[in-house]
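# Fold and geometry: a report
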Amino acid sequence: MEKRVCVLLAPGYEEVEALTPVDYLRRAGAIVDVISTTEDIVVPSAHQVMVQADSFLDDIKSDDYAMVVVPGGLPGVTNLIANEKVLAFLKAMNKDAKWVTSLCAGPAVLDAADVLVGKAATCYPGWEDKLKSIGAFSEETVVVDGHVITARGAGAAGYFALALVESLFGKEKADEVKKAVVMDIVEKNLGV
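Residues numbered from 1 in each chain as written. Predicted model: local features only at pLDDT ≥ 70, side-chain atom pairs only at ≥ 80, totals over all residues. Heavy atoms only, no water.

## Overview of the side chain of glutamate 15
Secondary-structure assignment places glutamate 15 in helix H1 (residues 15–28). Among buried charged residues, glutamate 15 stands out as having no salt bridge; its nearest opposite-charge side chain is arginine 26, 17 Å away. Looking at glutamate 15, its side chain comes within polar contact range of the side chain of serine 45, at 2.6 Å. Excluding anything up to four places from it in sequence, glutamate 15 contacts Thr20, Ser45, Ala46, His47, Gln48 and Val49. (Helix = DSSP H or I, 4+ residues; strand = E, 2+ residues; numbered from the N terminus. Buried < 20%, exposed > 50% of the residue type's maximum accessible area, 1.4 Å probe, protein only. Lys, Arg positive; Asp, Glu negative; His and termini not counted. Salt bridge = Lys/Arg side-chain N within 4 Å of Asp/Glu carboxyl O. Polar contact = N/O pair within 3.5 Å; in protein donor to acceptor, adjacent residues only side chain to side chain. Contact = heavy atoms within 4.5 Å.)

## Description of the packing of H1 against helix H6 (residues 171–180)
Contact pair H1 / H6: the axes reach a minimum separation of 9 Å and the direction vectors enclose 120°. Between H1 and H6, the crossing angle belongs to the class labelled oblique. Crossing of H1 against H6: the hand is right-handed. On H6, the residues that touch Tyr24, Arg27 and Ala28 of H1 are Lys173, Val177 and Ala180. Its residues assigned to classes, the contact of H1 with H6 shows four nonpolar, no polar and two charged. (Axes fitted to C-alpha atoms, helices over the stretch in contact; angles between N-to-C directions. Parallel < 35°, antiparallel > 145°, perpendicular 65-115°, else oblique. Left-handed = near helix turned anticlockwise from the far one by under 90°. Nonpolar A, V, L, I, M, F, W, Y, C, P; charged D, E, K, R; others polar.)

## Side note on H1
For H1, which comprises 14 residues, the first-to-last C-alpha distance of 20 Å matches the rise-based estimate of 20 Å (1.5 Å per residue) to within 8%. Every buried residue of H1 is listed here: Glu15, Glu17, Ala18, Thr20, Pro21, Val22, Tyr24, Leu25 and Ala28. (Expected span 1.5 Å × (residues − 1).)

## Comments concerning a nonpolar patch on the surface
Together, Tyr159, Val182, Ile185, Val186, Leu190 and Val192 make up a nonpolar patch on the protein surface, roughly 570 Å² of accessible area in all. Per-element tally for the nonpolar patch: the top contributor is helix H7 (residues 183–190), with three residues. Note on placement: tyrosine 159 falls in helix H5 (residues 157–169). Its relative accessible area of 34% is what places tyrosine 159 among the partly exposed residues. (Patch = residues over 30% accessible without salt bridge, like charges linked within 9 Å, V, L, I, M, F, W, Y side chains within 5 Å. Areas by Shrake-Rupley, 256 points an atom, 1.4 Å probe, with all protein chains shown as cover.)

Coordinates in, geometry out; function isn't part of it.
Here it is in structure tokens:
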């Protein structure tokens, strides 16, 4: 069965947090659409890496996706929170109990869309006070609560992406991707 995912980009996103999920999910067999939330198809990252999106937010429907990914980064997160269409899209995904995921400062966008109400979540250290509606804050690297997945930040991007793969395709597929990107060897070498 086809699994379709969208990654929402606003100017100032964190590249690693946006593109690691794209890479790992595509390796697993998902169709991943990179979506511009602006009028420009090319979206600059926080560090001025230019990524050409596949489509625009105005041209997609939440019904077409099993998962949405919201990267962190500044001012990307601020730009996403200020966009009513982004919040409406996240609310629709949440209402339909589809996977709503984010990392670093990005969970603040989920919070603004009322996705984190009563949920356990994590975020970039120091941003937990911005999450007004969460049920519980966790310092875990990745937190899965129902259909919501959150993670700490850029350093957790690989583990976050593997959690996304596992949620859509199962542990066996996540282990395949982990091996393909040699994370298993890295962890062994580091004694993790």
